[in-house]
Amino acid sequence: MTWATLGRRARAFRIVHALWSVLGLASLANVWASAITGRRDRGLAASMAFLVVEGGALVVGRGNCPMGPLQTEWGDPVPFFELVLPPRAAKAAVPVLAVASIAGMAVVAWTSLRGR
């Protein structure tokens, strides 16, 4: 499926999903930067909240994006990660990112409690 063959809603969905993904990766990077440097600020709280919301959505979707059926209905049957990764790596991306998110938040929590 190419960009030219997608309908308007499917294109808009891909753009929004790309922005969401960039925010998710930026949040993950911020959590790990805070875990490593010990910095604590509102940005960390926002990043952690974003990752918790994203994780909750994946729980609702049973490991898949809960917006997948809507994406397909709008004419885009290609899972988002498969736009940038081979299918096997795309399927592994969600659990890998989930573990990285949980681990980063655990390190932040552990170092925060240890510092008290």
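The following paragraphs examine the structure supplied in this document. Here the structure is a predicted model, which is why all the values come from computation and not from measurement.

### A word on the environment of G24
Counting through the fold element by element, G24 comes out in helix α1 (residues 8-37). Assessed through its relative accessible area of 7%, G24 is described here as buried. Separated by 40 residues in the primary sequence, G24 and N64 have C-alpha atoms spaced 15 Å apart. Apart from residues no more than four positions distant in its own chain, G24 is found in contact with F50, L51 and E54.

### Quick look at α1
Under the 1.5 Å per step criterion, the end-to-end length of α1 is 43 Å for 30 residues, consistent within 8% with the ideal 44 Å. Every buried residue of α1 is accounted for by A10, F13, R14, H17, S21, G24, S27, L28, N30, V31, S34 and A35. Packed against the buried residues of α1 are α2 (42-60), α3 (68-73) and α4 (87-114).

### Things to note about the nonpolar core
Membership of the largest hydrophobic core is limited to seven residues, which are L28, V31, A35, L44, L51, M105 and V108. Mapped by element, the contributors of at least two residues to this core are α1, α2 and α4. Per-element accounting of this core gives the leading share, three residues, to α1. In this structure, L28 is in contact with L51, L97, A100 and S101, ignoring residues within four places of it in sequence.

### Describing the packing of α1 against α4
Two numbers describe how α1 lies on α4: the axes approach to 8 Å, and their chain directions differ by 35 degrees. Crossing of α1 over α4 shows left-handed handedness. Here L25, L28, V31, W32, S34 and A35 of α1 lie close against α4, whose contacting residues are L97, A100, S101, A103, G104, M105, V107 and V108. A per-class count over the contact of α1 with α4 returns eleven nonpolar, three polar and no charged.

Calculation notes
- Residues numbered from 1 in each chain as written.
- Predicted model: local features only at pLDDT ≥ 70, side-chain atom pairs only at ≥ 80, totals over all residues.
- Heavy atoms only, no water.
- Helix = DSSP H or I, 4+ residues; strand = E, 2+ residues; numbered from the N terminus.
- Buried < 20%, exposed > 50% of the residue type's maximum accessible area, 1.4 Å probe, protein only.
- Contact = heavy atoms within 4.5 Å.
- Expected span 1.5 Å × (residues − 1).
- Core = buried A, V, L, I, M, F, W, Y, C linked by side-chain atoms within 4.5 Å.
- Axes fitted to C-alpha atoms, helices over the stretch in contact; angles between N-to-C directions.
- Left-handed = near helix turned anticlockwise from the far one by under 90°.
- Nonpolar A, V, L, I, M, F, W, Y, C, P; charged D, E, K, R; others polar.

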